[in-house]
Amino acid sequence: MASTSTPHDDEPPAEPNEPESALQTARRQLQHAADHLDIDPNVVERLKHPKKVQEVTVPIERENGDVEVYTGYRAQHDSVRGPFKGGLRYHPDVTREECVGLGMWMTWKCAVMDIPFGGAKGGIAVNPKDLSEGEKEQLTRRFTDEIRSVIGPTKDIPAPDMGTDPQTMAWLMDAYSMQEGETIPGVVTGKPPIVGGSKGRDAAPGRSVAIIAREAIDYYDKDIRETSVAVQGFGSVGANAAKLLDSWGANVVAVSDVNGGIYDANGLDTHSIPSHHEEPEAVMTHEAPQTVTNDDLLELDVDVLIPAAIGNVLTAGNADDVTADIIIEGANGPTTSAASEIFAERDVPVIPDILANAGGVTVSYFEWLQDINRRAWSLERVHDELEDEMLAAWQDVRDEYETREVTWRDAAYIVALSRIAEAHETRGLWP
Ligand code: NAD
């Protein structure tokens, strides 16, 4: 795992380009893509900044009678292609800057998928584990009221993120709808299906990771039935991706959770391993010939490696020891910039997160369409349309990858930035 400790003054930093904040990463990747394109530098400069950041105070009365005051944010980055879209995070480390950086990532992610949304992110600096269910509901309803003026189905549509879930989104939708005097499911996505959520939303990021992995396997002339795969993290993203690839014939030889991993060179029966949501952190309880640590899993001799747990696990410290032929980013930001450079030098393809795990925001878009049309889609339709969207985005990124001879990450950012810049230039929003 990437070290987060501070090195002594006389030691070189463990990671030359670390630590980098989400905002620094988003700005660096923007500039990197812009360097490949002939676009108005004023547009690029504008995109380095959010359009608006709402900072609000969220007081709640705890069950013991104390009043606790939290700070919440909604950072809206860019809406040139449609309403702002992005998650709401409840986590002690939430800051204004983090929301801005993650909001920028959402702009790129929606643009690479060609979804008519811009990017936003928000949250509250709070540890949700310290709150009862009732206190979380109170917090969410009060927060919704504080950001009411900047959200809405045609303005800015939040979704679940770390520390929030479908129930949080249901409270948000209810608080918003009560004030508006009508039920407005399109104000949030990731809701429970009974109040307008989409079928297939939970499994969508893992499904998109599997689709992109399948396409990459094919692109590099491998037969999926002879392809070995290791997946770090067996939660929503990792378990769904592993199980689908297994169903499509791949040999999933290793999976892990926070406690470590299991390995079977002949392939694991991924469907019988409990995912994080079925039974938290139970991967190691599953019978397998061998166990592996999370660090070792990243260095297994496999065809495809899918880091799908946390960020910054592929670093300058281990990038040279990674022997996988293809890396598919399931988690957000699993590869540091220093590691990305090493993989580029070694010609190891890294298919980036903004493409691979974009199934989540894509099915959120489907949910929004279902809400505003008041018509639910079947699971089969969600799967079919997700497949189409992923293949279209894959093709667009592949075209840039081939014509410009850049990395897959640069190709994805080039696709995204071209669309955003062209929209800005066409609308004439500058200055
Ligand atoms: P999750 O909570 O469902 O599962 C996370 C899994 O990772 C669990 O199996 C957990 O045990 C494991 N894990 C946690 N810490 C670990 C560590 N230090 N080492 C190894 N394993 C560890 O989470 P998720 O929703 O699957 O999200 C995983 C990643 O994918 C995150 O980076 C998230 O931001 C990203 N992502 C999630 C979604 C989504 O909608 N769920 C969408 C896009 C991207």
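As the structure is a prediction and not an experimental result, all values here were calculated from the model.

## Things to note about the environment of K191
Here is step 1: You can see K191 is positioned in the loop between α5 (166–180) and α6 (204–219).
Here is step 2: With a relative accessible area of 4%, K191 lands in the buried category.
Here is step 3: Sequence-wise, K191 and M169 are 22 residues apart; in three dimensions their C-alpha atoms are separated by 5.4 Å.
Here is step 4: When sequence neighbours within four positions are dropped, the list of residues in contact with K191 reads P166, M169, M173, P185, G196, G197, E367 and D371.
Here is step 5: Within the structure, K191 has its side chain in polar contact with the side chain of E367 (distance 2.7 Å).

## Considerations on the domain arrangement of the protein chain
Here is step 1: Structurally, the protein chain comprises domain 1 (50–185) and domain 2 (204–351).
Here is step 2: Placing a centre on the C-alpha atoms of domain 1 and another on those of domain 2 gives a separation of 31 Å.

## Examining the site of the ligand
Here is step 1: The full set close to the ligand counts 21 residues, and S236, V237, V258, H277 and E281 are the nearest of them.
Here is step 2: F234 has a polar backbone atom sitting 3.0 Å from an oxygen atom of the ligand.
Here is step 3: V237 is positioned with one of its backbone polar atoms (N or O) 2.9 Å from an oxygen atom of the ligand.
Here is step 4: For the ligand, whose free accessible area comes to 840 Å², the fraction covered by protein is 76%.
Here is step 5: Looking at the shell around the ligand, its residues break down into nine nonpolar, nine polar and three charged.

## Comments concerning the nonpolar core
Here is step 1: Membership of the largest hydrophobic core comes to 89 residues, with the highest contact counts inside it found for W108, V255, I306, I328, I351 and L355.
Here is step 2: Ranked by residues supplied to this core, first place goes to helix α13 (residues 408–427) with eleven residues.
Here is step 3: Each of two domains, domain 1 (50–185) and domain 2 (204–351), supplies a minimum of three residues to this core.
Here is step 4: Discounting chain neighbours no more than four positions away, the residues touching W108 are A26, L30, L47, H77, I354, Y413, A416 and I420.

## Things to note about α6
Here is step 1: In this model α6 runs 22 Å from its N-terminal to its C-terminal C-alpha over 16 residues, within 8% of the 22 Å that 1.5 Å per residue would give.
Here is step 2: Within α6, 13 of the 16 residues are buried, which leaves it mostly tucked inside the rest of the structure.
Here is step 3: Of the residues one or two after α6, D221 is the one with positive phi, at around 60 degrees.

Rules used in this analysis
- Residues numbered from 1 in each chain as written.
- Predicted model: local features only at pLDDT ≥ 70, side-chain atom pairs only at ≥ 80, totals over all residues.
- Heavy atoms only, no water.
- Helix = DSSP H or I, 4+ residues; strand = E, 2+ residues; numbered from the N terminus.
- Buried < 20%, exposed > 50% of the residue type's maximum accessible area, 1.4 Å probe, protein only.
- Contact = heavy atoms within 4.5 Å.
- Polar contact = N/O pair within 3.5 Å; in protein donor to acceptor, adjacent residues only side chain to side chain.
- Domains from an automatic or database assignment.
- Near = heavy atom within 4 Å.
- Areas by Shrake-Rupley, 256 points an atom, 1.4 Å probe, with all protein chains shown as cover.
- Nonpolar A, V, L, I, M, F, W, Y, C, P; charged D, E, K, R; others polar.
- Core = buried A, V, L, I, M, F, W, Y, C linked by side-chain atoms within 4.5 Å.
- Expected span 1.5 Å × (residues − 1).

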